[in-house]
Amino acid sequence: MAKIDELIIEKIMDAAKIEEVISDCLGTYSRDNPHGLKKCGVRYKALCPFHDDKSMGSFIVYPKGNCYKCFSCGAKGGVIEFLMEHEKLSYPDALRWLGKKYSIPVDDVPVNWTYTPKPAPPPLPTLELPMSMVLRTQYAATPENDNLIRWIGEANKWDSVQRKRIPLSLADYHVGHSKKGHTIFWQIDEAGRVRTGKMMKYYPPGHAKYGHRDQDSSWNFDFIHSVLSKHWDPELREFTDEPPYPYPNIYNPDKQEARLTFFGMHLTQQYRRATIKLVESEKTAVLMSIAYGNNQQDLWIACGGLEMITRERLKPLIDQGRHIILYPDRDGVEKWKAKMAAINYDRMSIDTDPVLKWWRPEDGPKADIADVVLRMINNSKPLTNIDDVADKMPNVKPLIDKLDLEIDQ
Ligand SMILES: [Zn+2]
């Protein structure tokens, strides 16, 4: 095959703009094209085309650096990498694609090139946020608008021992709350360094999906590091990425890189002998710790998405020789098995019993271990409050009402 001239490659790389290439492939964001590219200040965003992305915030396109990066799955690169990954082009074909777009003839020139990838810039230091920021969201913030915390706190899910564990578990995991009602799942690593936090909204009481992720309201998902790099534009009434950053001393994305870790990772330091039980969602990890409570023995941590499970992120656990058990969602069993095979760590196993053996249709087709376990707790718990008694024994209800009965605990 003919080689492509070095000079032509240079010309193409000079002309090619990452935001133009990606918007050619994904289209522009609109109501009809939710997967398109959306301008946000000096950057662009889209649902990540390289993993099963459900809400915007992870995949950022940087015109200044002519590159893109996904903070969830780690996909990153420039125009060439995007075309090779997304359009499944070879390297020369990616150049031809760009040559055509930018009217630079590629193959009719005397050629002599060998592929020399650009030397990667030295990696930026990992962002570390102050612990005081975590504590503020945990204790100074008021959780009234945090729908998930309300849902978790509702007594009818738990027996009396579990109920007492709720505040302890929330404190252990450093679950925080934003003023706008997000639940904040801080990501603190095995050395206690605060990497970032994931902010998510949940549906309010009365909603059919109360207790589940809010997929409808605006600004229902974000990362703390992303918020720190934006400022509020009062005219647009939205966050923009326009510098100067409001917190340049805490986070400047040109100087530090936010690297994600697992939710609950900091607890591995405290509970050194515990088996690591890895689930997908942060909410599930918290619920399971409330349900079982024995962190010394079983420590629940959340990866936040299958694509987050990489050998690199597991390294601190593998180095310690930890036993790791994976708990997939019911609809993710096969993918998690494949992931486990790819990781190839001999102390890792998968437990599908909760979502296959213990599962009942009322848990839902996408149930995870918490859905199943909570249903089981609910079916087996002793009747410790009068509403439960009334619920289970309708014939006794008139008597309860008449005598205004209570259970003496
Ligand atoms: Zn991604």
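It should be emphasised that the depicted structure is a prediction, and the values quoted were computed from it without experimental measurement. (Residues numbered from 1 in each chain as written. Predicted model: local features only at pLDDT ≥ 70, side-chain atom pairs only at ≥ 80, totals over all residues. Heavy atoms only, no water.)

Visitor: What exactly am I supposed to notice about unusual backbone geometry here?
Guide: Glycine aside, negative phi is the norm for most residues, and most peptide bonds take the trans geometry. Positive phi outside glycine occurs at Asn-66, with the angle close to 50 degrees. Mapped onto the elements of the fold, Asn-66 is located in the loop between strand S3 (59-62) and strand S4 (67-70). Backbone geometry places Asn-344, a non-glycine residue, at a positive phi of 55 degrees. Mapped onto the elements of the fold, Asn-344 is located in the loop between helix H12 (333-343) and strand S15 (348-350). (Helix = DSSP H or I, 4+ residues; strand = E, 2+ residues; numbered from the N terminus.)

Visitor: Teacher, can you tell me more about helix H2 (residues 18-26) here?
Guide: Each α-helix turn comprises 3.6 residues. Residues three or four places apart therefore point the same way. Residues of H2 that are buried include every one of Ile-18, Glu-19, Val-21, Ile-22 and Leu-26, and no others. Mapping the buried residues of H2 onto a view down its axis gives an arc of 160 degrees, with all of them on the same face. Residues of H2 that are buried in the fold lie against strand S2 (43-46), S3, S4, helix H3 (79-86) and helix H4 (91-101). At the C-terminal side of H2, Gly-27 shows a positive phi close to 80 degrees. (Buried < 20%, exposed > 50% of the residue type's maximum accessible area, 1.4 Å probe, protein only. Arc of directions from axis to C-beta. Contact = heavy atoms within 4.5 Å.)

Visitor: How do you make sense of the pairing of strand S13 (residues 298-302) when you look at a structure like this?
Guide: Successive residues of a regular strand alternate their side chains across the two faces of the sheet. Here S13 lies mainly inside the structure; five of its five residues are buried. Side chains Asp-298, Trp-300 and Ala-302 project from S13 onto one buried face, and the interleaved Leu-299 and Ile-301 project onto a second face that is buried too. Examined bridge by bridge, strand S12 (residues 275-279) and S13 share five bridges and lie parallel to one another. Considered in S13, the bridge of Ile-276 is made with Leu-299. (Pairing = 2+ DSSP bridges.)

Visitor: Is there a simple way to think about a nonpolar patch on the surface in this case?
Guide: Where nonpolar side chains cluster on the molecular surface, the patch consists of Met-131, Leu-135 and Tyr-139 and spans about 280 Å² of accessible area. Turning to its location among the elements, Tyr-139 is positioned in helix H5 (residues 131-140). Taking the relative accessible area as the measure of exposure, Tyr-139 reaches 55% and is therefore exposed. (Patch = residues over 30% accessible without salt bridge, like charges linked within 9 Å, V, L, I, M, F, W, Y side chains within 5 Å. Areas by Shrake-Rupley, 256 points an atom, 1.4 Å probe, with all protein chains shown as cover. Salt bridge = Lys/Arg side-chain N within 4 Å of Asp/Glu carboxyl O.)

Visitor: Whenever I open this one, the packing of aromatic side chains confuses me. Can you help?
Guide: Aromatic ring pairs: the centre-centre distance and the angle between the two ring planes describe each pair. All chains considered together, the criterion is met by ten aromatic pairs. Ring geometry for Phe-221 and Phe-223: centres 5.5 Å apart, planes at 85 degrees, overall edge-to-face. Each member of the pair, Phe-221 together with Phe-223, is buried. Between Trp-300 and Tyr-327, the aromatic rings sit 5.3 Å apart at their centres with planes inclined by 45 degrees, giving tilted as the arrangement. Of this pair, Trp-300 sits in strand S13 while Tyr-327 is found in the loop between strand S14 (324-326) and H12, placing the two residues 27 residues apart along the sequence. The exposure classification of Trp-300 matches that of Tyr-327, with both residues buried. Clustering of aromatic rings is evident, with ring pairs tying together Phe-50, Phe-59, Tyr-68 and Phe-82. When the ring centre of Tyr-29 is taken as origin, the NZ or CZ atom of Lys-38, which lies over that ring, is 5.1 Å away. Lying across the ring of Trp-359, Arg-330 places its NZ or CZ 3.4 Å from the centre. (Phe/Tyr/Trp six-rings, centres within 6.5 Å; stacked < 30°, edge-to-face > 60°. Lys NZ or Arg CZ within 6 Å of the ring centre and 35° of its normal.)

Visitor: Help me understand the coordination of the zinc ion, please; the structure alone is not making it clear to me.
Guide: Each angle at a metal carrying four tetrahedral donors should ideally be 109.5 degrees, and each at a metal carrying six octahedral donors should ideally be 90 or 180 degrees. Around the zinc ion, the protein contributes the donor atoms Cys-48 (SG), His-51 (ND1), Cys-70 (SG) and Cys-73 (SG), which lie 2.1 to 2.3 Å from the metal centre. Around the zinc ion, the four donor atoms sit at angles spanning 103 to 119 degrees, and that spread fits a shape best called tetrahedral. Going along the chain, you hit the donors of the zinc ion in the pattern C-x2-H-x18-C-x2-C. With Cys-48 in the loop between S2 and S3 and Cys-70 in strand S4, this residue pair connects regions lying 22 residues apart in the sequence. A relative accessible area of 4% places Cys-48 in the buried class. Owing to a relative accessible area of 1%, Cys-70 belongs among the buried residues under this scheme. (Donors = N, O, S within 2.8 Å, 3.2 Å for Na, K, Ca; no water. Tetrahedral: all angles 85-135°; square planar, octahedral: opposite > 155°, others 65-115°.)

Visitor: Would you mind going over the sheet that holds S4 with me for this structure?
Guide: Where strands meet in a sheet, backbone hydrogen bonds hold them as pairs that are either parallel or antiparallel. Taken together, five strands build an open sheet; the order of strands is S1-S2-S3-S4-S5 and the sheet is antiparallel. Both edges of this open sheet fall to strand S1 (38-40) and strand S5 (76-77), since each of them pairs with a single strand only. Summarising the sheet, S3 and S4 pair through four bridges and their orientation is antiparallel. Among the inter-strand pairings, Tyr-62 is bridged to a residue of S4, identified as Cys-67.

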